[in-house]
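Observations on the three-dimensional arrangement
Residues per chain are reported as follows:
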Amino acid sequence: MHISGVQTVLPGHRYAQAEITEAFSQLTSADRDLLERFHAAVGVEGRSLALPLEDYAKLDSFTRANEAYVEAALDLGERAISGALEKAGLPPEKVDHLMLCSTTGLATPSLDARLAQRAGLRDDVKRVPVFGLGCAAGAAGLSRLNDYLRGWPDHVAMLVCVELCSLTVQRDDTSVANLIAGALFGDGAAAVVATGHGPGPEVFATRGRLYPGTEHLMGWEVGEHGFRVVLDAGLTDFVARKVGGDVRDFLADYGLTPDQVASWIFHPGGPKVIDTLAGALGLPEEAVRLTRRSLREHGNLSSVSVLHVLQQTPPRPGQPAALLALGPGFSAEMLLMHW
């Protein structure tokens with residue numbers, strides 16, 4: 001599979017972290033000092049949000065939040081599709097397969113059905129909507145496109161990830177997990193055009209790793225309130241114990257060691273997760289510079305983030321690159337590619 005075009009799109013409502021902290025403090029009963037400490041600790045300087053800050057007070061039900069999700073997701077998704085196709089030099093009618101990943105809202109008909117029509121895709125496009133992969137979906141979606149194109153190498157496949165994390169924050173939840181989520185996550189969309197033959201980096205290996213008995217580490221509690229975040233305090237320790245070794249094993253199966261990988265494309269899950277992965281793999285700071293910059297400038301965009309980092313990664317012809325994202329399950333998704 002060749003990645004022929006990647007386009008990230010962010011909402012137009014851009015705010016400094018301090019502005020978001022102030023607005024969130026007006027919506028929650030959480031301790032103000034604690035809130036400010038969390039918002040400062042995550043290393044995020046600013047984020048783009050689906051709505052103007054003053055509109056979040058109006059989201060007094062899951063219904064209203066989800067209505068806002070559908071409207072904003074369709075706008076961002078359509079723009080991402082258009083941008084990725086333009087970069088790939090392909091018209092919409094050339095797309096044979098469309099996969100859409102999102103875990104921050106619900107829609108039936110699914111977003112991919114609506115986006116296919118809005119973006120001008122053929123009415124016989126093969127659609128696969130995916131819910132629940134969370135932050136891992138950007139990497140997992142690329143792997144599934146690779147699987148599809150191995151069987152249909154002459155086709156064109158697209159991945160669209162849309163995440164509007166700000167619309168899921170619970171104003172009545174003063175748990176540490178919700179406060180971290182409110183400090184860390186941002187909104188955005190990304191689209192990828194992939195072909196069996198063509199320009200762009202070539203994916204030559206993929207692997208997924210599911211860790212049994214770890215459902216408590218990350219996910220949603222879904223109820224009348226909508227989506228309540230689950231982030232276990234033991235997540236970073238688990239990553240340190242397990243994920244680094246699995247990444248090393250994946251590389252070793254293709255004759256590589258971490259120091260032989262020229263480009264590392266990490267999902268920016270948070271400063272501690274980045275530190276843990278870099279330490280487990282023995283990576284220099286330069287290897288995670290783009291990941292840290294994405295987090296600092298935009299926050300954690302869930303499944304969109306790793307695609308944003310991919311878009312920002314300069315080509316290094318003939319050199320291997322590794323892409324990694326972690327998500328609910330608990331799970332890890334890994335890819336190897338080269339330009």
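Computed from a prediction, not measured in an experiment: that's the story for all the values here.

Considering the side chain of Ser302
Along the chain, the position of Ser302 falls in the loop between helix 9 (289-298) and helix 10 (303-312). Taking the relative accessible area as the measure of exposure, Ser302 reaches 5% and is therefore buried. Excluding anything up to four places from it in sequence, Ser302 contacts Gly134, Cys135, Glu163, Cys165, Phe185 and His267.

Focus on the UniProt feature "domain: Chalcone/stilbene synthase C-terminal" (unreviewed entry) in the chain
Following the UniProt record, one finds the feature "domain: Chalcone/stilbene synthase C-terminal" (unreviewed entry) at residues 209-338. The distance separating the terminal C-alpha atoms of residues 209-338 is 22 Å; by composition the span is 38% helix and 26% strand.

Here's the deal with the packing of helix 8 (residues 271-281) against helix 9
At their nearest, the axes of helix 8 and helix 9 sit 11 Å apart, and the two run at 175° to each other. For the element pair helix 8 / helix 9, the angle class is roughly antiparallel. On the side of helix 8, the interface is formed by Pro271, Ile274 and Asp275, while helix 9 contributes Thr291, Arg292 and Leu295. Residue composition of the contact of helix 8 with helix 9, by class: three nonpolar, one polar and two charged.

Quick look at the nonpolar core
Proteins that are soluble and globular tend to have nonpolar side chains buried together. Judged by nonpolar contacts, the single largest core of 41 residues is most densely connected at Trp264, Leu326 and Phe330. Secondary-structure elements contributing two or more residues to this core are helix 6 (176-184), helix 7 (235-252), strand 11 (263-266), helix 8, strand 12 (320-327) and strand 13 (331-338). Examining the composition of this core, we find that seven residues originate from one element, helix 7, more than from any other. Those residues in contact with Phe330, other than ones at most four positions away along the chain, are Arg209, Leu210, Tyr211, Thr214, Glu215, Leu217, Met218, Leu235, Phe238, Val239 and Val243.

What about empty space enclosed by the protein?
Empty space among the atoms becomes apparent when a probe as large as a water molecule is rolled across them. Per the stated rule, a full pass over the model turns up two cavities of 30 Å³ or more. Volume-wise, the largest cavity comes out at about 260 Å³. In terms of lining residues, the largest cavity is bounded by 18 residues, among which Phe185, Gly219, Trp220, Val229 and Ser302 are the most central. When residues of the lining of the largest cavity are traced back to their parent elements, those giving at least two are helix 6, strand 9 (218-223) and strand 10 (226-231).

Some details on the pairing of strand 6 (residues 156-164)
Of all nine residues in strand 6, nine are buried, a share of seventy percent or more. Side-chain alternation along strand 6 places Val156, Met158, Val160, Val162 and Leu164 on one buried face and Ala157, Leu159, Cys161 and Glu163 on a second face that is also buried. Pairing of strand 4 (residues 97-101) with strand 6, which is carried by five bridges, proceeds in the parallel orientation. Across the sheet, residue Cys101 finds its bridge partner in strand 6, namely Cys161. Sheet topology places strand 6 next to strand 7 (residues 187-195); nine bridges connect them, and they run antiparallel. Directly across from Ala157, in strand 7, lies its bridge partner Ala194.

What counts and how
Residues numbered from 1 in each chain as written. Predicted model: local features only at pLDDT ≥ 70, side-chain atom pairs only at ≥ 80, totals over all residues. Heavy atoms only, no water. Helix = DSSP H or I, 4+ residues; strand = E, 2+ residues; numbered from the N terminus. Buried < 20%, exposed > 50% of the residue type's maximum accessible area, 1.4 Å probe, protein only. Contact = heavy atoms within 4.5 Å. UniProt positions renumbered as here; feature names shortened; annotations may be inferred. Axes fitted to C-alpha atoms, helices over the stretch in contact; angles between N-to-C directions. Parallel < 35°, antiparallel > 145°, perpendicular 65-115°, else oblique. Nonpolar A, V, L, I, M, F, W, Y, C, P; charged D, E, K, R; others polar. Core = buried A, V, L, I, M, F, W, Y, C linked by side-chain atoms within 4.5 Å. 1 Å grid on protein atoms, 1.4 Å probe; cavity = no way out; pocket = protein on both sides within 12 Å on 5 of 7 lines; lining within 4 Å. Points joined across faces, edges and corners; volume = space filled by probe spheres on them. Pairing = 2+ DSSP bridges.

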